Amino acid sequence: MYTFTYPPSYSQKKTPPRGKKTIRIVLLVLLVLIAAILIFYPKATETSDGLFSLASLEGQLTEIGWQYQGEDYTLTYQNGEWFCPQLTAGLSLDEEKLAALVNAAGQVQSLDKLADGLDDLAAYGLDQPMLRFSAVDEAGQSYLCYIGEIPGEDRYACYMEDGDGVYLAAQELVQTWQITPLSLLQAMPLCSINPAGVSQFSIRQNDSVLNFVYYPHGVPDEVYSLAFVWFSGEEAGQREPLDSIKTEDFLNFLTSLQADYICLAADCNAEILAAYGLNQPWAVASFTCQESISNEQGEETAIEKVWQISIGNQTEDGDYYVLSADGNVGVLAQDTVREIVSKRQGDFVSDDVCLIELSSVNRLTLNYQGQSYAFVRTEQIDSQAAAGDQSVLVVSYTKNGQEIDGETFESCYSRLVSLRSNIYAEGSGGETVATLRFERNSSRNFPQMTLSFQSYDDQYYLVNFNGEQRLLVERETIDSLLADFAAL
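Conventions we followed
Sequence order as written defines the numbering, with residues in each chain counted from 1. Totals for whole chains, interfaces and linings use all residues, but because this is a predicted model, local features are given only for residues with pLDDT of at least 70 and pairs of side-chain atoms are given and counted only at 80 or more. As a rule here, side-chain values come from all non-hydrogen atoms in the structure, and water together with hydrogens is ignored. In DSSP terms, a helix is any run of H or I states spanning at least four residues, a strand is any run of E spanning at least two, and both are numbered starting from the N terminus. Think of it in three bands: with a 1.4 Å probe and only protein chains considered, a residue is buried below 20% of the maximum accessible area for its type, exposed above 50%, and partly exposed in between. Whether two residues touch is decided by their heavy atoms; if any such pair falls within 4.5 Å, the residues are in contact. Throughout, the Shrake-Rupley method with a 1.4 Å probe supplies accessible areas, and for residues the shown protein chains are the sole cover considered. Put plainly, a pocket is an open set of points on a 1 Å grid over the protein atoms alone with protein on both sides within 12 Å along at least five of seven lines, a cavity is a set where a 1.4 Å probe fits but cannot get out, and a lining residue has an atom within 4 Å of a point. Grid points are joined across faces, edges and corners, and a volume is the space filled by probe spheres set on the points. All residues other than Ala, Val, Leu, Ile, Met, Phe, Trp, Tyr, Cys, Pro, Asp, Glu, Lys and Arg, Gly among them, are scored as polar; the first ten of these are nonpolar and the last four charged. Axis lines are fitted to C-alpha atoms, over the contacting stretch for helices. Their N-to-C directions set the angle, which ranges from 0 to 180 degrees. Any angle that is under 35 degrees is reported as roughly parallel, and any over 145 degrees as roughly antiparallel; angles of 65 to 115 degrees are reported as roughly perpendicular and all others as oblique. Each crossing is labelled by how the near helix is turned from the far one, with a counterclockwise turn of less than a right angle marking it left-handed and a clockwise turn marking it right-handed. Counted as a polar contact is a pair of N or O atoms within 3.5 Å, where, for protein atoms, one must be capable of donating a hydrogen and the other of accepting one, and residues adjacent in sequence contribute only when both atoms are in side chains. In short, DSSP must find at least two bridges between two strands for them to pair. Aromatic pairs are defined between Phe, Tyr and Trp rings, using the six-membered ring for Trp, whenever the two ring centres lie within 6.5 Å; interplanar angles under 30 degrees are classed as stacked, those over 60 as edge-to-face, and all others as tilted. The criterion is simple. A nonpolar core is a set of buried Ala, Val, Leu, Ile, Met, Phe, Trp, Tyr and Cys residues joined through side-chain atoms within 4.5 Å. Pairs of cysteine sulfur atoms within 2.5 Å are what we label disulfides. In predicted models, pLDDT denotes the confidence assigned by the predictor to each residue on a 0 to 100 scale.

This part is about the overall build of the protein. Looking only at helices and strands, the protein features nine helices and 26 strands. Looking at the protein as a whole, 44% of its 488 residues are labelled buried. Summarising the internal contacts of the protein: among those between residues at least 6 apart in sequence, 60% fall at separations of at least 24. On the protein, roughly 25200 Å² of surface is accessible, and the fraction owed to carbon and sulfur atoms is 44%.

Here is the structure:
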């Protein structure tokens, strides 16, 4: 018999209820479960309308049992906790799901009495019951109820062992007990990895693949050099820059996916995976993670490890069977699956106005309102540094040959590279209002790049970044920024 506790990895995400809150939940569970069992217990009623007293066993239940699809399941209550011996050790019951189960059962009441005796159980589908549920109280008294489908009807009948007749069971009661203990588990994470450790991930759908590659130190020979940028594609020269915020939001979404359990990894085999379409999944999400391993001497080595989430056949309800990175099988909502596989590269096009980090720029030339301003960035070793110490750099800036305040220039540049827009141009721009030309020290292929702003309408300028015209930015924001550059 296993005690369900929260594993260490889960405790960071959710703290289980403690103290008085736990006691209140347990009392609620017991009260409602009593209702689920006793509403069909004939000994407690003096009427024929199927309503039964719940008072006799209030707060005394110590065991719940049910049979579904030929399998017997049990929940036992000891020392303020519920246990299930049919589940693998280390898995945690979800208290909310458990409370919902007994609450749903407790709301069902018998609608009518069908027969006074138990002489013809076959007439009510009770000779071979489809379901059975039971309870045991603190005194060891057991209460057992059988449910069957009435032949030729879309109705259900039930009777209590040692009872005085057959009663009509509402369909909700039948649905309540058509479950396995897996349905009571906390939702399983499909991929318990830290997104910050992911260096590459992809979504493969049939024959198409969407790749995401992370370059934490920038890509010197590419058009963009701003650090922490995601790209699509794997081959040099074929990489396309992606919007880092959009990409990271999608990665966070994928790594936080959870599903309902269907089959634990320990019970999965090739036949089961084939039955769910997971031996040849039509969609797969893959993650390449950077991990460290230690040898016997305590030395750490960085390795790459690949995790996968596979999507298989649809369920009868339209959801999808899914195989977690740990080998567990679950069910994932179709809306979630649609959100995973509907993404295209165009959904991740960068919304950044300028993606050139300042440390890669030697010279910035601004042409604005008929004037030209040349900003030069210079690095040199601090004269006060110790001999041979290359770590102490002094950065200075000049404008048209005159030294300017470095913090003010860096503040203006920071405003420039933080500009984003999700407003897209529907037409071409007009005359060029301003141009910024970047002369860079970090790219052999693209040593010079140009950012310009073109008139568009009364509210927006059109951004032209190295020939790409797509985004619109507010005129007021750009006018203020350019004026501050010119005034340095």
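The structure having been displayed, the exposition proceeds.
The next thing to look at is empty space enclosed by the protein. All told, the structure shown has three cavities of 30 Å³ or more when counted by the stated rule. Counted as a void, the largest cavity has a volume near 110 Å³. Lining the largest cavity are Tyr224, Ser350, Asp352, Val353, Leu355, Val463, Phe465, Glu468, Arg470 and Leu471. The set of elements that each furnish at least two residues to the lining of the largest cavity consists of strand E25 (460-465) and strand E26 (468-474). The greatest single-element share of the lining of the largest cavity, amounting to three residues, is contributed by E26. Tallied by class, the residues present in the lining of the largest cavity amount to six nonpolar, one polar and three charged. As a volume, the second largest cavity reaches approximately 50 Å³. Contributing to the lining of the second largest cavity are Ile203, Leu254, Leu257, Ala283, Val284, Ala285, Ile309, Ile311 and Ile340. If one sorts the elements of the lining of the second largest cavity by residue count, strand E15 (residues 283-294) sits on top with three residues.

With their axes 10 Å apart at the nearest point, helix H8 (residues 406-417) and helix H9 (residues 475-486) run at an angle of 155 degrees to one another. It follows that H8 is roughly antiparallel to H9 by the angle criterion. For the pair H8 and H9, the crossing hand works out as left-handed. Counting all contacts with H8, which are made through Phe409, Cys412, Tyr413, Arg415 and Leu416, the residues of H9 involved are Ser480, Leu481, Asp484 and Phe485.

Attention shifts here to the environment of Glu468. Mapped onto the secondary structure, Glu468 falls in strand E26. Put simply, Glu468 and Leu451 are 17 residues apart on the chain and 9.4 Å apart in space, counted from C-alpha to C-alpha. Ignoring any residue separated from it by four or fewer positions in sequence, one finds Glu468 in contact with Tyr224 and Val463. At 3.5 Å, the side chain of Glu468 and the side chain of Arg470 are in polar contact.

Glancing now at the side chain of Arg377. Structurally, Arg377 is set in strand E20 (residues 371-381). Look at Arg377 and you get buried, because its relative accessible area is 14%. Within the structure, Arg377 has its side chain in polar contact with the side chain of Tyr397 (distance 3.4 Å). Those residues within four positions of Arg377 in sequence are excluded, and the remaining contacts are Leu358, Ser359, Val361, Asn362, Val395, Ser396 and Tyr397.

Moving on to the sheet that holds strand E10 (residues 198-205). The strand order E9-E14-E18-E17-E16-E15-E10-E11-E12-E13 describes an open sheet built from 10 strands, whose pairing is antiparallel. With one partner strand each, in any of the chains shown, strand E9 (188-189) and strand E13 (240-242) form the two edges of the open sheet. As paired strands, E10 and E15 are joined by seven bridges and run antiparallel to one another. When the sheet's bridge partners are listed, Gln200 is paired in E15 with Thr288. Each of E10, strand E11 (208-215), strand E12 (229-232), E13, E15 and strand E16 (300-314) touches helix H5 (residues 244-255); the most contacted strand, E10, lies at about 75 degrees to it. Relative to the sheet, helix H7 (residues 334-341) contacts E10, E15, E16, strand E17 (320-323) and strand E18 (329-332), its axis offset from that of E18 by approximately 90 degrees.

Turning to the packing of aromatic side chains, a few remarks are in order. Using the criterion set out here, one finds 20 aromatic pairs in the structure. On the numbers, 5.7 Å between centres and 50 degrees between planes, the contact of Trp282 with Tyr320 is tilted. Here Trp282 is found in the loop between helix H6 (270-275) and E15, whereas its partner Tyr320 is found in strand E17, with 38 residues between them in sequence. Seen in terms of ring centroids, Tyr413 and Phe438 are 6.4 Å apart; in terms of plane orientation they differ by 85 degrees. Their pairing is edge-to-face. Residue Tyr413 is located in helix H8, and its partner Phe438 is located in strand E23 (residues 432-440); the two are separated by 25 residues in the primary sequence.

In this structure, the largest pocket spans a volume of roughly 920 Å³. Among the residues making up the lining of the largest pocket, the classes are represented as 14 nonpolar, seven polar and six charged.

With that settled, consider the nonpolar core. Within the largest apolar cluster, 62 residues are counted, with the highest numbers of intra-cluster contacts made by Trp66, Leu75, Ile147, Phe201, Leu254, Phe287 and Ile340. Ignoring any residue separated from it by four or fewer positions in sequence, one finds Phe201 in contact with Leu210, Asn211, Phe212, Trp230, Thr247, Phe250, Leu251, Leu254, Ser286 and Phe287. The next biggest cluster of nonpolar side chains, apart from the first, holds 36 residues, and it includes Ile404, Tyr413, Leu436 and Val463.

Moving on: the state of the cysteines. Applying the stated criterion across every chain, the model contains zero disulfides. Of all cysteine sulfurs, the one in Cys145 lies closest to Cys158, which takes part in no disulfide; the gap is 4.4 Å.

Overall, the predicted model of the protein reaches an average pLDDT of 80, with 79% of residues at or above 70. Here residues 1-56 scores under 50 on pLDDT; set against residues more than four positions off or in separate chains, the count is 112 contacts.

Phi is positive for Gln69, which is not a glycine, with a value near 55 degrees. Checked against the element boundaries, Gln69 lands in the loop between strand E1 (61-68) and strand E2 (71-78). Of note in this structure, Asn400 is not a glycine but carries a positive phi near 50 degrees. Looking at the secondary structure, you find Asn400 in the loop between strand E21 (393-399) and strand E22 (402-404). Under the relative-accessibility criterion, Asn400 is labelled partly exposed at 44%.

Quick look at the environment of Val376 now. Here Val376 is to be found in strand E20. Assessed through its relative accessible area of 24%, Val376 is described here as partly exposed. Taking the C-alpha atoms as reference points, Val376 and Asn400, separated by 24 residues in sequence, lie 8.1 Å from one another. When sequence neighbours within four positions are dropped, the list of residues in contact with Val376 reads Asn362, Arg363, Ser396, Tyr397 and Thr398.

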